[in-house]
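# Observations on the model geometry
The residues making up each chain are set out below.
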Amino acid sequence: MVDPTHTEAWRALQAHYDEVRDMHMRDLFDEDPARAGRLSSTLGDLLFDYSKNRVTDRSVSLLVELAEECGVRDWIERMFAGDAINATEGRAVLHTALRNRGDRPVMVHDVDVMPDVRRVLEQMRRFAEAVRDGSRAGHTGRAITDVVNIGIGGSDLGPFMVTEALRPYWKEGLRAHFVSNVDGTHLSEVLREVRAETTLFIVASKTFTTQETLTNARSARQWLVERLGSEDAVAKHFVALSTNREAVTAFGIDPDNMFELWDWVGGRYSLWSAIGLSIACVLGMEHFEDLLAGAYEVDEHFRTAPLRENIPVLMALLGVWYGDFFGATSHAVLPYDQYLHRFPAYLQQADMESNGKRTSREGEVVAYGTGPIVWGEPGTNGQHAFFQLLHQGTHLVPCDFIVPAQSQNPLGQHHDILVANCIAQAEALMRGKTEEEARDELRRSGASKDQVVLLAPHKAFPGNRPSNTFMLEKLTPRTLGRLIALYEHKIFVQGVIWNIYSFDQWGVELGKQLAKVVLPELTGQLGEHDSSTQQLIEYYRLHRESVS
Ligand code: F6P
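My aim in this report is to walk through the structure given alongside it, one point at a time. (Residues numbered from 1 in each chain as written. Predicted model: local features only at pLDDT ≥ 70, side-chain atom pairs only at ≥ 80, totals over all residues. Heavy atoms only, no water.)

## A word on the side chain of His415
- Here His415 shows up in helix 18 (residues 414-431).
- Judged by its relative accessible area of 15%, His415 is buried.
- If near-sequence neighbours (up to four positions away) are discounted, His415 is found in contact with Pro404, Ala405, Gln406 and Ser407. (Helix = DSSP H or I, 4+ residues; strand = E, 2+ residues; numbered from the N terminus. Buried < 20%, exposed > 50% of the residue type's maximum accessible area, 1.4 Å probe, protein only. Contact = heavy atoms within 4.5 Å.)

## Regarding the sheet that holds strand 7 (residues 199-204)
- Overall, parallel pairing links the 5 strands, which are arranged 6-5-7-8-9 in an open sheet. Taken across any chain shown, the strands that pair with only one partner, and hence form the sheet edges, are strand 6 (175-179) and strand 9 (258-260). Along the sheet, successive strands turn relative to each other by an average axial angle of 20°, direction set aside.
- Of the pairings in the sheet, the one linking strand 8 (residues 238-242) to strand 9 comprises 3 bridges and is parallel in character. Each bridged residue has a counterpart across the sheet, and for Leu241 the counterpart in strand 9 is Phe259.
- Contacts from helix 9 (residues 184-193) reach strand 5 (146-150), strand 6 and strand 7, with the element oriented near 160° to strand 6.
- Each of strand 5, strand 6, strand 7 and strand 8 is contacted by helix 10 (residues 211-228), which is oriented at about 160° to strand 7, the strand it contacts most. (Pairing = 2+ DSSP bridges. Axes fitted to C-alpha atoms, helices over the stretch in contact; angles between N-to-C directions.)

## Section: the packing of helix 4 (residues 57-69) against helix 15 (residues 311-325)
- It is at 10 Å that the axes of helix 4 and helix 15 come closest, and there the two elements cross at 100°. The orientation of helix 4 relative to helix 15 falls into the category roughly perpendicular. Between helix 4 and helix 15, the residues in contact are Ser59, Val60, Leu63, Val64, Leu66 and Ala67 and Val313, Leu314, Leu317, Val320 and Trp321, respectively.
- Looking at the contact of helix 4 with helix 15 residue by residue, the class counts come to 10 nonpolar, 1 polar and no charged. (Parallel < 35°, antiparallel > 145°, perpendicular 65-115°, else oblique. Nonpolar A, V, L, I, M, F, W, Y, C, P; charged D, E, K, R; others polar.)

Here's what the structure looks like:
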């Protein structure tokens, strides 16, 4: 266990920070034409350009030393080897086993988990194919046209993000829908779009105890039985994805219609498991397997590449550099691809539920910053919304630009315009515009002396704002698999460096506990609360509608 701030590398980085903090990236690029080539890596068709960061070669070396001193190499091995690195839950962390395309066994408690992984993949293949060719039909014999995934958190965000990202691969005549929110509006709106006879509900819940998912699943079940007039219809229209066979059976889903996952699959790392069944249904198993293959390529890179060339490690170290030395508190993810519109939301859970922690592995409150606030929107929309703050605000927000070279929907000049904007934004953030340049520009445009004085400070950009750019040839199942796995491993490395446990999520429990107390009080006996909580409950009791 290593407190990162007690390492030699951390101390050296602190001194180094004083040397580089006032350097401008514009000068670094001007002085060194080979900078971009040196501070870039490739993986398959993916180009990871991290040259627009406030680093010198020495910064990168010191950051890599930090990773070494914090034992990153050892932790990587421990994760892949199935050690119980999720210590507070006593579990291994093996989403990598789910996409292990090689013949390497993966041992948990001396048992190879790969036969089970392959068995469930085979079960998914048979099921997805049968849904797609119509042989797994509904209660009345009609083929399935709509798949509704009911889940929340990791049982929703991953499959939803992936199916959206890969819409061009959807089978014609088969649509996917996602219901997560316990707000009845979410389910109601989806049910308005589908017909009971041709709808398959996939109840996705690792634990099968999640209040939102079970509430939505019960209401969907009732809706289906009412429409099809028979309880028997449930067997043809409901399947479950879970670790909890007992709870699935108690809910009324035949265990034969259950797809298993295991406690060593974290919820937010589970899209590669049976939780990806909705993906397999609408995209086809071969595309789901391409997704796994892309992630596997990254796993192999992560496991074997030297730290200095290891893309997830570099991504992680840059995040630590900005968070802990420059004081950045957030990180923007900016996909320049409309299909990736749920990618930032997906990463919010992956990153913030993993590294939004303040307790070290030794149980102490840490004295340094950990996981950032992750946010973002697809470009170019963000440019017309929050980019103002990125360029001229007082916060330093490191950005990730993600852009494919080829569009799934080539249309006139659209894609050139999109890519030009992406590249230009990264350049503008880096380069900025001095007040002198702003003054010259104003003079050239014929502005008066007074206007020049008034406007130049507002038209100047500090620049020196860091970003990574990920360019890929095209967004495909394989390239998406790569992208997701890169971020997963980045998050893992950061957790290791920050000396926190990235794979539990105790911080979600208190709210759940209190909701269980508040729920009966909304209609029954009122308990003891602070005056604000009391007031809110009383307001609701006064104004709520009674539902039959
Ligand atoms: O409450 C948080 C959480 O446990 C997430 O970690 C998880 O992805 C989500 O709830 C859903 O859990 P489940 O798949 O067990 O329903």
